[in-house]
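# Notes for the structure review
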Amino acid sequence: MEARADIKYARISPRKVKIVLDLIRNKPVDVAAAIVHHTPKAACEYLSKLLKSAVANAENNFNMDPSNLYVAECYVCPGPILKRIRPRAQGRAYRIEKRTSHITLVLKEKE
């Protein structure tokens, strides 16, 4: 039995999210929440909401005990890239790529 939560099209680079996901993988939910709360990264704002959502899904949809949950899987996939143009000197233009992410978090119960 597993509970999952997803964020689609989050406006943050997957590379930035992966750093924090590596910190919380295979940790109990309360420890993972503390790590996310005290890590000074932009991705933590998205991940704290995602973690709360996954715990609520586990509790309400699957009748799991929140104290026995741990982060079984967590991964990020790149979403579509918003391409923007930055004017440069002598009429040139540089491309700015605003990357998006699809973040998935899977919780399981300890046996």
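Quantities reported herein were computed from a predicted structural model and do not represent experimental measurements.

### Some remarks on the nonpolar core
Core analysis: the biggest nonpolar cluster contains 28 residues, and Val17, Leu21, Leu47, Ile103, Leu105 and Leu107 have the highest contact counts within it. The set of elements that each furnish at least two residues to this core consists of β1 (2-10), α1 (14-24), α2 (29-38), α3 (43-62), β2 (69-78) and β5 (101-109). Residues contacting Leu47, with those up to four places away along its chain left out, are Val17, Val20, Leu21, Val36 and Ile103.

### Section: the confidence of the model for the protein
Here the protein averages 95 in pLDDT, while 100% of its residues score no lower than 70. For the protein, the element scoring lowest by mean pLDDT is α3, at 94; strand β3 (residues 82-87) scores highest, at 97.

### As for the environment of Asn68
By the secondary structure assignment, Asn68 is in the loop between α3 and β2. Overall, the relative accessible area of 32% leaves Asn68 in the partly exposed class. Sequence separation between Asn68 and Asp30 is 38 residues, and the spatial gap between their C-alpha atoms is 9.6 Å. If near-sequence neighbours (up to four positions away) are discounted, Asn68 is found in contact with Lys108, Glu109 and Lys110.

### Let's talk about the packing of α2 against α3
The contact between α2 and α3 brings their axes to 9 Å, and the two run at 160°. With respect to each other, α2 and α3 are oriented roughly antiparallel. In this structure, the crossing between α2 and α3 has a hand that is left-handed. Side by side, α2 and α3 meet where Val29, Ala32, Ala33 and Val36 of the first sit next to Cys44, Leu47, Ser48, Leu51 and Val55 of the second.

### Some words on the packing of α1 against α2
Between α1 and α2, whose axes approach to 9 Å, the crossing angle comes to 145°. As for how α1 packs across α2, the hand of that crossing is right-handed. Taken together, the residues of α2 that come into contact with α1 (itself represented by Val20, Leu23 and Ile24) are Ala32, Ile35 and Val36. Taken together, the residues of the contact of α1 with α2 break down into six nonpolar, no polar and no charged.

Thresholds, definitions, all that
Residues numbered from 1 in each chain as written. Predicted model: local features only at pLDDT ≥ 70, side-chain atom pairs only at ≥ 80, totals over all residues. Heavy atoms only, no water. Core = buried A, V, L, I, M, F, W, Y, C linked by side-chain atoms within 4.5 Å. Buried < 20%, exposed > 50% of the residue type's maximum accessible area, 1.4 Å probe, protein only. Helix = DSSP H or I, 4+ residues; strand = E, 2+ residues; numbered from the N terminus. Contact = heavy atoms within 4.5 Å. pLDDT = per-residue confidence, 0-100. Axes fitted to C-alpha atoms, helices over the stretch in contact; angles between N-to-C directions. Parallel < 35°, antiparallel > 145°, perpendicular 65-115°, else oblique. Left-handed = near helix turned anticlockwise from the far one by under 90°. Nonpolar A, V, L, I, M, F, W, Y, C, P; charged D, E, K, R; others polar.

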